[in-house]
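These are the residues of each chain, in order.
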Amino acid sequence: MKMYKGDELLPQFVKISSILPSQEYLVSLTMKLSFVLAALLTGAIAVPASSERMAARLERRAGRQSKPNSRIASNNLVAASNASHVQYSSNWAGAVWDTYPAGTFKSVTGTFTVPTPSGSSGAASAWVGIDGDTCGTAILQTGVDFTITNGAVSYDAWYEWYPDYAYDFSGIPIKAGDVITITVTASTTKAGSAVITNKTTGKTVSKSLTSTAALCEENAEWIVEDFEEDGSLVPFANFGKVTFSSATATTTSGTTVGPSGSTIIDIQQSGKILTSVSTSSSGVTISYV
């Protein structure tokens, strides 16, 4: 908002330094300001809708948090995917390495095309991370949220070291169809980095992180999540499909591991399976069903 000096509100040939406002002028100005303030407080003058939406969005983002994988029993559930090693979760869909010992994984990366969520309102998030499944005390992760609110779609790039909340990156606009590469790297169990590159625009953002919550470094994952805001799961949006390509995890020995053979996780809520996941040697495809 541009700030004006007092004399800029008067015509150019009149200067505050040369005259003093009359008492009538001051009384009139005071009455007008009182009227405007009262109108704003009572709603008689509406704040622009875009400002309201931005304020609501910022307030909502302040309480955004990813959570560890919340696995649920698979009794009497029929997998939407064809894999025989499917597990179920209330909040995660994707591929997770859960058979390696602690101290294995140092970095996870993947590339995906930003989808367009459909419906009225809801959200989902695509991210990569270290830990959060068999090791549920810490997660180093970064990704992109896609949100639809009354038909309007928005995107937010973020990073998080759970149990802390997520924080949004700035300076990296994202739109549907953009190709995004996301990477997390653990330099130690309590320090690491998150990097997001928009390959369509050439923009890259990064953040160095530290935490008192130590990673186990035993899980590597490529996920679409139904995340939380203010302690509750957001309505899970129909995100269409997210495919992670060039999906690899790097171990402490320097070798790379792809998603093939990892555990597949599908989201199941209220007795209904909402996703279908498949993997390849270097890819993970997560579809809303």
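See the structure above.
Everything in this summary refers to the structure shown in the same document. Each chain carries its own residue numbering, running from 1 in the direction its sequence is written. Under the rules for a predicted model, residues below a pLDDT of 70 receive no local features and side-chain atom pairs below 80 are neither given nor counted, while totals for whole chains, interfaces and linings still include all residues. Excluding hydrogens and water, the side-chain figures rest on all heavy atoms present in the structure.

1. Topic: the environment of glutamate 221
Working step 1: Structurally, glutamate 221 can be placed in strand β13 (residues 220-225).
Working step 2: Sequence-wise, glutamate 221 and tryptophan 127 are 94 residues apart; in three dimensions their C-alpha atoms are separated by 8.3 Å. Strands here mean DSSP runs of E at least two residues long; helices mean DSSP runs of H or I at least four residues long; both are numbered from the N terminus.

2. A closer look at the sheet that holds strand β14 (residues 228-229)
Working step 1: Strand order in the open sheet formed by 3 strands is β1-β14-β15, with antiparallel pairing between adjacent strands. The open sheet is flanked by β1 (64-65) and β15 (232-233), the only strands paired with a single partner.
Working step 2: The pairing criterion is simple: DSSP has to find at least two bridges between the two strands. Bridge count between β14 and β15: 2 bridges; the pairing is antiparallel. By the bridge assignment for β15, glutamate 228 is matched with leucine 233.

3. Some points on the packing of aromatic side chains
Working step 1: The criterion for an aromatic pair is that two Phe, Tyr or Trp rings (for Trp, the six-membered ring) have centres within 6.5 Å, with stacked assigned to planes under 30 degrees apart, edge-to-face to planes over 60 apart and tilted to the rest. Applying the stated criterion to the full structure yields 9 aromatic pairs.
Working step 2: Seen from their ring centres, phenylalanine 112 and phenylalanine 244 are 5.6 Å apart, and the 65° between their planes marks the pair as edge-to-face. Pair noted here: phenylalanine 112 is in strand β5 (residues 105-113) and phenylalanine 244 is in strand β16 (residues 241-251), with a separation of 132 residues, a long-range link. Considered together, phenylalanine 112 and phenylalanine 244 belong to a single accessibility category, that of buried residues. Only protein chains enter the accessibility calculation, which uses a 1.4 Å probe; a residue is then buried when its area is under 20% of its type maximum, exposed when over 50%, and partly exposed in between.

4. Focus: the side chain of aspartate 133
Working step 1: Within the element layout of this structure, aspartate 133 appears in the loop between β6 (122-130) and β7 (139-149).
Working step 2: Of the residues examined, aspartate 133 reaches a relative accessible area of 12% and is grouped as buried.
Working step 3: In what follows, residue pairs with any heavy atoms lying within 4.5 Å of each other are defined as contacts. Setting aside anything within four residues of it in sequence, one finds aspartate 133 in contact with Asn69, Arg71, Trp92, Val96, Asp98 and Asn219.

5. A short note on the nonpolar core
Working step 1: Definition of nonpolar core: a set of buried residues of the types Ala, Val, Leu, Ile, Met, Phe, Trp, Tyr and Cys, connected through side-chain atoms within 4.5 Å. Grouped together as the largest cluster of nonpolar side chains are 51 residues, with contacts concentrated most on Phe112, Trp222 and Phe244.
Working step 2: Ignoring sequence-local partners within four residues, the contact set of phenylalanine 112 consists of Ala126, Val144, Asp178, Val179, Ile180, Ile182, Val242, Thr243 and Phe244.
Working step 3: Grouped together as the second largest cluster of nonpolar side chains are 9 residues, Trp92, Val96, Ile223 and Ile265 included.

6. Things to note about the state of the cysteines
Working step 1: The rule for a disulfide is simple: a pair of cysteine sulfur atoms within 2.5 Å. Per the counting criterion, the structure on display carries 1 disulfide.
Working step 2: Two residues share a disulfide in this structure: cysteine 135 and cysteine 216, whose sulfurs sit 2.1 Å from each other. On the sign convention where negative is left-handed, the bridge of cysteine 135 and cysteine 216, at about 65° about the S-S bond, is right-handed. Remark: cysteine 216 occurs in the loop between β12 (203-210) and β13 and cysteine 135 occurs in the loop between β6 and β7; sequence separation between them is 81 residues.
Working step 3: Residue classification places cysteine 135 among the buried positions, given a relative accessible area of 2%.
Working step 4: Using a relative accessible area of 24% as the deciding quantity, one classes cysteine 216 as partly exposed.

7. A word on the pattern of salt bridges
Working step 1: We define a salt bridge as a side-chain nitrogen of Lys or Arg found within 4 Å of a carboxyl oxygen belonging to Asp or Glu. One pass over the structure, following the stated rule, counts 7 salt bridges.
Working step 2: Note that glutamate 217 and lysine 106 form a salt bridge whose closest N and O atoms lie 3.1 Å from each other. Linking glutamate 217 in the loop between β12 and β13 with lysine 106 in strand β5, this pair joins segments that are 111 residues apart in sequence.
Working step 3: Given a relative accessible area of 5%, glutamate 217 falls into the buried group.

8. Observations concerning the pairing of strand β10 (residues 179-188)
Here is the key point about a regular strand: its side chains alternate between the two faces of the sheet.
Working step 1: Where β5 and β10 come together, 7 bridges link them in antiparallel fashion. For threonine 111, the partnering residue across the bridge sits in β10 and is threonine 181.
Working step 2: Sheet topology places β10 next to strand β11 (residues 191-198); 8 bridges connect them, and they run antiparallel. Bridge assignment links threonine 185 to a residue of β11, and that residue is serine 193.
Working step 3: Hairpin connection of β10 to β11: 2 residues between the antiparallel strands.

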